[in-house]
Structure formats: structure tokens, C-alpha cells
Amino acid sequence: MITDVLTAIALYLAIQDFNKVVFKKQKLLIELDKYAPDVAELIRTPMEMHYIPLKVALFYLLNPYTVMSCVAKSTCTINNTVIAFFILATIKGSAFLSAVFLALATYQSLYPLTLFAPALLYLLQRQFIPVKLKSKSFWLYTMQYAALYLCSLVVIICLSFFLLNSWDFIPSVYGFILSVPDLTPNIGLFWYFFAEMFEHFSLFFVCVFQINVFFYTIPLAVKLKEHPVFFMFIQIAIISIFKSYPTVGDIALYMAFLPVWSHLYRFLRNIFILSCVLIVCSLLFPVLWHLWIYAGSANSNFYYAITLTFNIGQILLISDYFYAFLRREYYLTHGLYLTRQDGTEAMLVLK
Amino acid sequence: MGLLSDPYRRRALSRLVLRLNTPLCLLSYAAGLGWFLALAFPPVAPRTYMSENAMGSTMVEEQFAYGERALSYAREFAGHKKKAGGLPVAWLEKTMWNLGLEVYKQPFSRTLPFPDETRERYMVKGTNVYGILRAPRAASTESLVLSVPCSEGQHNNQAVGLMLALASYFRGQIYWAKDIIFLVNEHDLLGMEAWLEAYHDVNITEMQSSGMLGRAGAIQAAVSLELSSDVVTSFDVAVEGLNGQLPNLDLVNLFHAFCQKNGLLCTIQGKLQRSDWDTLPAYAHSLQTLLLMVLKQGSGRPQGDHGLFLRYHIEAITVRGINSFRQYKYDMSTVGKTLEGMFRKLNNLLERLHQSYFFYLLPSLSRFVSIGVYMPAFGFLILILVLKALDLWMKLSKCDASPVERLWDGDQAAAHGAAEESRPGLLTLVPPLLICHATGLTLYFLPVLGQHVATQHFPVSESEAVVLTVIAIYVAGLALPHNTHRVLTGSGSDRGWMTLKLLALLYLAMQLGCVALVNFSLGFLLAATMVPVAAAVQPTGPKYLYAVLLVLVTPAVTLLLGIFLYQELIEYPVSVLECWQLFLQAVAEGLLDHYLYGSIVFPFVAIFVYPCWLLLWNVLFWK
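Residues numbered from 1 in each chain as written. Chains lettered and ligands numbered in written order. Predicted model: local features only at pLDDT ≥ 70, side-chain atom pairs only at ≥ 80, totals over all residues. Heavy atoms only, no water.

- By the naming in an unreviewed UniProt entry, chain B is Glycosylphosphatidylinositol anchor attachment 1 protein, taken from Apteryx mantelli.

- Per an unreviewed UniProt entry, chain A is named Phosphatidylinositol glycan anchor biosynthesis class U protein isoform X4, and its organism is Apteryx mantelli.
- A UniProt comment under Sequence similarities (unreviewed entry) is attached to chain A, and it reads "Belongs to the PIGU family."
- According to the UniProt record, the Subcellular location (unreviewed entry) comment for chain A is "Endoplasmic reticulum membrane". (UniProt positions renumbered as here; feature names shortened; annotations may be inferred.)

As C-alpha cells, this is what we get:
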């Protein structure tokens, strides 16, 4: 529970700082006349942003998923705390602390490795170094940050070696996360596939599934290089959906960020259906588990159907927020009321 | 994703939902009910078939011939039972010992939460006696159970006799691969629950019993036998278990197959099958059988001692011998041969029954409706709630969008005023939610906790006190002052009741969905009654008509009408007063089932369905 409180405090401070950064950037862009003239209602004001850090902290603490992880005494809360501190360190601009916490997070479960890219992008932005492949200062800073990160990771792993006196922990921890040997049903997508699969193909599919988690970093980095914090949010969400052993604590972490993007609400298209789907699936999880394991009337297909629906709901939620974010950016630069060449009202369509 | 992301299609779809909402809802309801009624039509329901390979053909030659011995055992048992005033433990132990079984007895006791009419005391004590027939050449890892309830009076004596005769016959055979446990349990379901809990070493209910002395491995299947006459005209099977759980369909198929082999007439829900299927009376008959099963499954009560086995993954059915006014009577030997055949087939099982269906409805003994066929009926009913919720959501977001447009026009002051008055926020919803759920919790906890206080002040017995408290709290919920929302600002507006109704509809849909997966009949009955009224209710319009309709669909009235329908279907119609008595009895038994065996019907209705209904009542009286 203490870790939950620490996470909430870290998120509160991080979002407070982030809001200041966002406001400064917005002011700069308005002064530079980068925005279209009729977007007055899309501009964010300090008044509406005042309660967001508090809402973030409350969203995290009062989320039923967080309460469930706390009651189950899961170690997911410790993971969440480390990631929250990493976010705080990144937003405050301290490259060293950010690298250390990222190394800690990667040390615990391998997937936060992908958060290296958004953190790097944010720190570069803060240092006013443009992201150009030919720029020397870009490569210099990247090397510095990568070196800090890798050194802290090596230090932590060697510390574990000295505590344990053997290298056994590497296959036990990282080998376990990557090769997925234990197929106990959880809310993730892996267990059913590998339970049904022939041994011959399991290595191939393990590789495919693991690449799926890491793969989205590069396209997202290309598209969202101006908005690294949103990138970080999407990346955390992708990790918590596609990782090999997800838990509801991971979901609680990325859901805590939703109040930060509350200004996107008017662009979200399916929020009602998606929240209904997520709530219904969360309620049906224990019912179908009971029917499968205790009553013996159902089987794993029933439970996996709900798992699939739940994950699809999450994926659609993330893509909805992504779409809303991009749409708002488009409106900011091109104006809110779009007209075609002949003056009739145009509509924005995602192809 | 085209449907969800393309704005043109979205606009068309949302216009469709908004404009055609009521016709779509009506169509959906008609489709749901029509689908359900079509389930009873014989071509829709496929014939049953044996899915388990190990129970393939019925090629054994049964040789049970101890019908007379069964009757003599029955008479001895009846005499000793009368003398002992309960289960004649010593005689039963001695007889089973003489047959060559390993005999054990299990005393148990249970404190009832309140003494009901049949038992009239708080503490119920009894003894179960069971004998184990060890398989001669197997390792005692699996077993089958033949259980007979020991009832008061002249019931089930012949069943005990037949069980003892079967035991003596089985003892002489060498082909048993599983142990057979012959169990006589006292106090019906209480004794059975005590035995099962001690056998599996768990403590689900607060049963106190001595531990289990003799075990025989994992129980694969169980048959509970009830026979109260020397000759039978037909054999009835009961499948519904606790919380609407059903045994594997293969067990019912097994029963049907062996009854047909021995020429024994078999019925389900007391009704015989008809051979024609394309006439209206045949359809009505099949519909009656289906409705009886739905009503019994929806009540969540086990319809025989077998109902408690299902919780432990043990497939079980109850077979009852019925002696009616038919001409052709079957003697004990035929019945014994059928049971012998069934047990020999179950002996062949290699693993637990899992091949056939666990979720089904039986419009007749040889036809079944599986979950894939009956769920769409329920799906159509839930679709109504979803359509109505979508409609409310779109209306609410339209209300939201209009202040923004006014801002665009430049009229800032008016927009602010409109925005403030039309956004009461979620705080106005909290008092109704809290009050409704508090009432639900009171309905659950208070009757049993407060029965002593009630008996001190009023001249009623404890069970009457409990039932009357339940009814009193239920009715009091209607009269609660729900208008606390008037105290808060921004209330009394359209947005308030629309948001509350949206929440109530989604809540109802979720509850009914969850319960329909566990107990389809309960979910379907509640949905068929509550959904149309829930979708239609609103504070504007004919308030008293809506109020009457809402009262008619409340779960208590559904129970009353259900009892009335049940009595009509079993051809034993009752008057209004008798129906009321049966209703009070049903409420008492529902409470007892929850405390004694863990039935979920009463807590589900009290803590979830009733508050949801109160929320709708709240919506109705919003202004």
C-alpha cells in the first residue's frame, strides 16, 4: 500500500510539472502564430488544468484495479512505483535519475526497455536538441543517456550476482518472461495460444509474440516525436496489453494518465461503448472463472473469449485516444471548421 | 473498424438508433420471446445422443432378480423406522454389514438460521449411514454413489429396500472397476450436504459433523433414488441442481437409454413424451415441459438430493418412481434391472463425464436445446437495454454539445448559464445509489438478525417473523423519500434522470448478463419481465401507468406469478390465497437455501436486482 501511495505522489508531481511544460509550449506556439485563427476553444487554460494532477493521483488510488492488486499483495505495485518515479525523473529533466529508474524498471520486468525512446525524446526536447539524424549534439546526448542507462543496468545486475553468487537469476527472470513456460490462465493473450500449440512451432510463435510488444516503439517514435509524454503513455499501455504476464495493476497505471488527456474528450468517438465493454468484461472474468474451475460446466474457451474481448477493448481505447490526439493536433494547425475548396463543410476521415 | 471509425457511417448509425429506437426495441423483445417459444418446437431441438465413447452401446444383459427381497427389506426398514422415530441406524448398520459392505456412520448437526415450518426447531441432528462395496480387483481410486434419502413417514422405504437388494446383488459380481457407495442420508438435503462436505474435507456451510471415516476415492457419478410404492407405473428424472447447475447431458441420456431398453416408461417433469410433433397439442405439451424446467432451474433449488453433488464436479441425477393410475405396472425387478444397467455403464467410464453438454434445456426427454441455441433469446432482451442506453447517451451528449455552439456564436453569458444549469454533475446520482443499495443490504441482513426482536414484540413464530420482515422492508423501499436530489443544486432537470436511468439500465444489463451465464433460467425470467418496463419508464408521461407496470415486474411479483404458473403447469391449480401461502413459503425456503446450502438466488435478488429496481422507481418519481 505504501508503494501505491508513493506512486500516486510521484504521478502527482510529474503531471504538475508536465502541465507547466505544456502551457509554456502552447504559449510559444501561439506567439509564433503556428495555430489557425479559429481554434480558441481548443487552447488549454491554466484554470482547467489546475485539478488535473489531483485527478491523476485519485484515479490511480481509487481505481478498483489498484485496490485489487493491493489486496492481492501483488508485486505489480512495486513495478508501478518504479515506473512512476522514472516518469517523474524524466519530466523533471534529470537524465541520471531517469536512467537509474529505467534500469530498475527494466531489471524487474524486461518490457520497460521500450520506454527508453520516449524518455530520450523528452530529454532531448528539454535540452532543445532537435532530433535530426545528422546532428552531432543529438548523437552525443543519445550516447550519454544510453551509457548512463546501460551502466546502471549492468551495476544492478552485477549487484544481484554478488548477492546471489550465481548467474541463475538471469534465466529464471528474463528467460521466464521471454520464453513463457508457465501457462496459468491470466488476463493476457499468451496462455491460450501456447496451450493449444504444437511444441514444434512454439519457439516461432514466442518470438512473434515478443516482437509484437517491442515493435510498436519505432513507428510511434517517428509519429509522436513532438509529443514524447503521450508517446510514453501509449507505450506503457502497449506494454501492459501485450506483455507475457499482464495483471490489472499494469492497467491501473496507464489508466491513471487518462485525466491528463481529458481535453481530448470531445474527439473520442467510442468512449461509451469501450467503457461498457471494459466494465462488463471485468465483471464477467470472475463469473466465467468460477464456471470453469469450480463448477466445471464451462471450459477455457469461455474464459479466453472474455480475455480477448477485454484486450480488444483496451486496444480500441488506446487507438481512440491516439486518434483523438492526432485529430486535435490537425485542428490546431488547420483550423476547427474545415471547408473544402468550394466552401462546404468538410469532415476529417481516417483512412 | 470501418463501422466505428468512418464518420459518415457513424452518423447514419446514430441517426438509426435515435429515430428507430422504440420500434427496434419492440422488435427485439418480440424476437427474444419468439425465439424462446420456438425452442419448444421439436424440429428446433435436436435429438439427444450419447457423446461419451465409453458409454457407447447398451449391450449388457442385466440379471437382477431380487425384487421380492427388495420388498421384504423395505418392510423391515419401515417397521424399524417407525420404532426408532428416525433413521434406524443400528439395524441399517447390521444389515449392510451382513451384506458384506464396509459400513460407516456419520452423525451431523446443524443450527438453522431460523426454524422453518417443516423442522420447527433450531438444531437439526441426524446420522448418515453408508456402506462401501470395494471393487474386487481395482485400486479404490474412483467410486460411484447410490443414495437414498430417508424421509419421514411412509416415503422412500421401498427405495432403501431396493438399494439393499442391489447391494447384495452387486456384491456377488466381479466386474466392478470402481467402488460403490450405498448411502442413506437423513433429513434429505441437510444430510447430503453434511456427507459431501465431510467426504471432500471442506467447510462451505456451517455444518458440524464428525469427520469422514471411510472413503472410496474420487466420486465419478451419483444416482439418487426415490421410490415410495411397491410397483411403479413410470420413472421420472430430475436434473436441476443447486443454483441451476445441471449434470452432464450424458447422464440423462444414459437414464433414457436404459429405461427404453427395459421397456420402462420414463418421464421428465412428470410428463410423458408424445410421438407426434407437428400438431398444436404436441407443441403445447413440449412448451409446458420446457417452462417447468425453466421455472425449476430459475428458483435455484435442488430438485432432489443430486443437486448438491454438482458443486463438487460430480455428475448426478435423481430418479423417482411414480405410481399413478396407469394400467401397466412395473415391479421392483425391472426397476432394479434398469439401475443395474446404469451402474454397469457408469462402471466403464475412463474419465469424468465431460463430452456432452453442461448447459441445456430439455423440452422433452429425447430432445435438448444447447446453450448456443437458447442464448440468442436472452441476447435479444439485453439488446433492448443496450439500444436504450445508447439512445440516452446520445441525447445526453447532444445536450452537452449545444452550450458549446452557443459559445461559438459569441453569446458567452447565456452559454455559461446554460452550461451551469444543465450540468448537475455526478454528485446528484450518489444519494439515490447509496440509498437503494443500503435498502438492499438491509433486506439481506435484517430479517434473520432481527427475528428475535420481532418475535418479542409480535405474536408470530420466527419463520413468519423473518418472511414478514422481508416483505415489510421490500415494500418500505417503495415509500422511501428518494427526493434527496432536490437538496442539491442543478437537480430536477432532465439530465439528472437521464443519467440515472442510463446507469440503471447498464447496471441491470450487467447483472442479468452475469447471472444468465451461471443460471440461464433465472436471468431469462428476470429479463423477460423487467427489461421492457425498465426501458420504457420515465418521469414524463403517464406516471401511474408506469408505476403499476413497474410494481408488476418487481422480482417479488415475478415470484408470485411464477408460483401461479408452476401450479397451473403441473395441473394443480391454486386459488389466490393458497398462492399467497406458497409465496410466503417460497421466500422462507429461499432464505434457508441460501444459509444452508449456499444458494445465490436470495442474495443476488436482495443485493443487486432489488436496488436496481429501486433505482428505476427513483427515475419514475424524479419530478
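## Considerations on the overall build of chain B
Step number 1: The number of helices and strands found in chain B is 21 helices and eleven strands.
Step number 2: Here the C-alpha atoms of chain B give a radius of gyration of 28 Å, agreeing with the 25 Å that 2.2 N^0.38 yields for 623 residues.
Step number 3: For the C-alpha atoms alone, the extent of chain B along its principal axes is close to 100 × 60 × 50 Å.
Step number 4: Out of the 623 residues in chain B, the part that is buried amounts to 55%. (Helix = DSSP H or I, 4+ residues; strand = E, 2+ residues; numbered from the N terminus. Rg over C-alpha atoms; globule rule 2.2 N^0.38 Å. Buried < 20%, exposed > 50% of the residue type's maximum accessible area, 1.4 Å probe, protein only.)

## Details of the UniProt feature "transmembrane region" (unreviewed entry) in chain A
Residues and elements named next belong to chain A.
Step number 1: Feature annotation in UniProt places "transmembrane region" (unreviewed entry) on residues 83-103, 109-125, 146-167, 173-194, 201-222, 267-289 and 301-323, given in this structure's numbering.
Step number 2: Between the first and last C-alpha atoms of residues 173-194 the distance is 19 Å; the span itself is 55% helix and 0% strand.
Step number 3: Secondary structure content for residues 267-289 is 83% helix and 0% strand, and the end C-alpha separation is 36 Å.

## Digging into the UniProt feature "transmembrane region" (unreviewed entry) in chain B
All names here are of chain B.
Step number 1: Sites flagged by UniProt as "transmembrane region" (unreviewed entry) map to residues 20-41, 368-387, 466-484, 504-537, 544-566 and 600-622.
Step number 2: Taken as a whole, residues 504-537 contains 94% helix and 0% strand, while its terminal C-alpha atoms sit 11 Å from one another.
Step number 3: Annotation note: span residues 544-566, helix share 91%, strand share 0%, distance between end C-alpha atoms 30 Å.

## Here's the deal with the nonpolar core
Step number 1: Core analysis: the largest hydrophobic core is formed by 304 residues, its most contacted members being Y145 and W261 of chain A together with L162, F182, W195, L225 and F255 of chain B.
Step number 2: Looking at this core element by element, the count peaks at 15 residues for helix α21 (residues 601-620) of chain B.
Step number 3: Not counting chain neighbours up to four residues away, the residues in contact with L162 of chain B comprise F64, A70, L225, L227, M332, V335, G336 and L339 of chain B. (Core = buried A, V, L, I, M, F, W, Y, C linked by side-chain atoms within 4.5 Å. Contact = heavy atoms within 4.5 Å.)

## A word on the packing of helix α9 (residues 280-299) of chain B against helix α17 (residues 520-536) of chain B
Residues and elements named next belong to chain B.
Step number 1: Contact geometry for α9 and α17: axes closest at 7 Å, N-to-C directions at 100°. What the angle tells us is that α9 and α17 run roughly perpendicular. Two secondary-structure elements touch here, α9 through V294, L295, Q297 and G298 and α17 through S521, L522 and L525.
Step number 2: Per-class residue counts for the contact of α9 with α17 are four nonpolar, three polar and no charged. (Axes fitted to C-alpha atoms, helices over the stretch in contact; angles between N-to-C directions. Parallel < 35°, antiparallel > 145°, perpendicular 65-115°, else oblique. Nonpolar A, V, L, I, M, F, W, Y, C, P; charged D, E, K, R; others polar.)

## Brief notes about helix α9 (residues 169-179) of chain A
Structural remark: α-helix, 3.6 residues per turn; residues separated by three or four positions point the same way.
Residue and element names in this part refer to chain A.
Step number 1: Inspection of α9 places F169, Y174 and I177 among the buried residues, and these make up the whole buried set. An end-on view of α9 places all buried positions within 75° of arc, on one side of the element.
Step number 2: Taken together, the buried residues of α9 touch α6 (95-108), α8 (136-164) and α11 (199-215).
Step number 3: One or two positions beyond α9, positive phi appears at V180, with a value near 50°. (Arc of directions from axis to C-beta.)

## Description of helix α16 (residues 300-334) of chain A
Step number 1: If you check α16 of chain A, its first and last C-alpha atoms are 50 Å apart, about what 35 residues at 1.5 Å a residue would give, namely 51 Å.
Step number 2: One or two residues past the end of α16 of chain A sits G335 of chain A, with phi positive at roughly 95°. (Expected span 1.5 Å × (residues − 1).)

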